[in-house]
Amino acid sequence: MQNIYYEVGSLDKRCYEQFALSEDLLMEHAALALEKEITKTFDKNSSVLIVSGMGNNGADGIALARLLYKTYDVKLYIPFELKSPMAKLQLKRAQLLGVNLINELQECDIVVDSLFGSGLKRDLNEASQKIIETLNSYNSYKIACDIPTGIDFKGDISTLAFFADVTVTMGALKTSLFTDTAKDYVGEIVVANLGVQREVYETKTDLFLLEKEDLKLPLRDKKNAHKGTFGHLNVVIGSKKGAGVIAAKAAFGFGAGLVSVICHECVDLPYHIMQTHNLSENCTAIALGMGLGIYDEKEIENILQSKLPTIIDADLFYEDIIKIALQKEVVLTPHPKEFCALLNVCELADIKVKELQKNRFKYVEMFCKKYPKVVLLLKGANVLIAQNEKIFVNTFGSAVLSKGGSGDVLGGLVGSLLAQGYKPLDAAISASLAHAIAASNYKKNNYSLIPSDLVEEVKRL
Ligand SMILES: NC(=O)C1=CN([C@@H]2O[C@H](COP(=O)(O)OP(=O)(O)OC[C@H]3O[C@@H](n4cnc5c(N)ncnc54)[C@H](OP(=O)(O)O)[C@@H]3O)[C@@H](O)[C@H]2O)[C@@H](O)CC1
Ligand SMILES: Nc1ncnc2c1ncn2[C@@H]1O[C@H](COP(=O)(O)OP(=O)(O)O)[C@@H](O)[C@H]1O
Ligand SMILES: [K+]
């Protein structure tokens, strides 16, 4: 996994103060990383439009123009008067070489957006909006310097933003690149070293980007084993029975030795999934909430009081009764609307989905501070998995998963790993990665995946 930071200004400062590096030196490395992104794919003489703003983001772009001059067909466009001393110095250097400025935007093979970076403070004015609109309309390969212009430090977009194919981000990864809103704009994210290796530049953090290697699939390395060795998950079936059945099937496919559903009515089950009325004697984990609907309060209260590892989803996030479980190491898997309801039930915040989506990290932190034992998995385009002070980001999911039932599969996968003895945080991380990576392995198209396809892909991981 990789480190993420809310801001990197303090890391830059550390470079100046502790390692005697200069702003100029850091910026030269920023420009070199942008140059590398171009030279690795594009032939000499390709045309490069660089659009530079008045601050240091613009300065990075101007330094890039100098580096590319004479080998690439560089067109440098500076729409506003330069403000930062570094931008002025970079322009002087570039002009001494012979780099000329262009007076209007021109479509090129490559576009580099260095209009605004981490210093974006206000809404983009009309002139900047027009520039971004024009750049977005080009068929060029689009590179964002540090962060696509229009995305602010919280990862929010007030008017519009640059659509990048790749974002070369300076020094380290920032949370602003990992909001659900930013996901459509950032493209591939590449981190530029700023004169020292990342291990040196970075300091301790509680925020992490998950990678494929962080997926720990169930390991059946014991020879002397039987079905009981791999746990017994009980899935509580509610009034929308399908949800629990999907979860049960997913859990079985992901390695649980035994899976039973707790249901008091007749339910159509595959032959390998059992039905029971109460928690099984050898039950090792519980999944409940998916499709629960109307429920027997006493029964759910009893289940929530159980000491067994538990994953809770869906309808229960709207109910006061969930508070019974929040002092334990349970896994909760709400989508944004359910998380808003949960924040309300827990008297933490009374907010709408829009506010949550603008501040996902903040509300996740707030919840985990009050309930440090709980493992929270907040669904979304980028899933956040958190416990106590740590937050892990899973970016592997895609709109292939935007289907009823995808969340039920996830609930089953978490339950399966809990039943097999994974710690709750590890279960949430590996289940979330398996869920998203399995969906990305589904190659037919991006619209037709159904829960059973997803389970099949999970089986093939
Ligand atoms: N160590 C370092 O510093 C390193 C920095 N690096 C690079 O520097 C970038 C950060 O540079 P930065 O801080 O100068 O901010 P930047 O994004 O260029 O914009 C600030 C300017 O824009 C203006 N402005 C803001 N919003 C506006 C709006 N809506 N509409 C209009 N104007 C607006 C604002 O004006 P003001 O608010 O002051 O009036 C100010 O003049 C960072 O992303 C990275 O690429 C790398 O080289 C590595 C080393
Ligand atoms: N655009 C998307 N990008 C990434 N993941 C997505 C996207 N849309 C949905 N998902 C994932 O699919 C699952 C949907 O869960 P949920 O909304 O609870 O569905 P349901 O309750 O119908 O099963 C979540 O894990 C979510 O993160
Ligand atoms: K930018």
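Residues numbered from 1 in each chain as written. Chains lettered and ligands numbered in written order. Predicted model: local features only at pLDDT ≥ 70, side-chain atom pairs only at ≥ 80, totals over all residues.

The name given to the protein in an unreviewed UniProt entry is Bifunctional NAD(P)H-hydrate repair enzyme, and the organism recorded there is Halarcobacter anaerophilus. Per UniProt, the comment on the protein under Subunit (unreviewed entry) is "Homotetramer." (UniProt positions renumbered as here; feature names shortened; annotations may be inferred.)

Asks: Just give me the short version of the site of ligand 1, but keep the residues and values in it.
Replies: Around ligand 1, 29 residues are found, and the nearest of them are Gly55, Asn56, Asn57, Gly117 and Gly119. Taken together, the elements giving at least two residues each to the shell around ligand 1 come down to helix 2 (23-39) and helix 3 (56-68). (Near = placed C-beta within 6 Å. Helix = DSSP H or I, 4+ residues; strand = E, 2+ residues; numbered from the N terminus.)

Asks: Got a sec to walk through the UniProt feature "binding site: AMP" (unreviewed entry) in the protein? Specific residues and values, please.
Replies: Taking the numbering used here, the UniProt-annotated feature "binding site: AMP" (unreviewed entry) corresponds to Gly407. Tracing the chain through its elements places glycine 407 in helix 13 (residues 406-419). According to the C-beta neighbour criterion, glycine 407 is buried, with 23 such atoms within 10 Å. Residue contacts for glycine 407: discarding those within four places in its chain leaves Asp313, Thr333, His335 and Lys379. (Buried ≥ 20, exposed ≤ 12 C-beta atoms within 10 Å, placed from the backbone. Contact = placed C-beta atoms within 7 Å.)

Asks: Which residues make up the UniProt feature "binding site: K(+)" (unreviewed entry) in the protein, and what values do they have?
Replies: UniProt marks Asn57, Asp113 and Thr149 with the feature "binding site: K(+)" (unreviewed entry), using the numbering shown here. Taken together, the annotated residues stretch across 93 residues yet fold into one region, lying no more than 9.7 Å apart by C-alpha. Structurally, asparagine 57 can be placed in helix 3. We classify asparagine 57 as buried; it has 26 C-beta atoms within 10 Å.

Asks: Break down the sheet that holds strand 6 (residues 166-170) for me, citing the residues and quoting the values.
Replies: The 6 strands lie next to each other as 3-2-4-5-6-8, forming an open sheet whose pairing is parallel. Of all strands in the sheet, those bounded by a partner on one side alone are strand 3 (73-77) and strand 8 (188-192). This sheet shows a mean twist of 20 degrees between the axes of neighbouring strands, independent of strand direction. Bridging between strand 2 (residues 47-52) and strand 4 (residues 110-114) involves 5 bridges; their strand directions are parallel. In the sheet register, valine 51 faces strand 4, and the bridge partner there is aspartate 113. (Pairing = 2+ DSSP bridges. Axes fitted to C-alpha atoms, helices over the stretch in contact; angles between N-to-C directions.)

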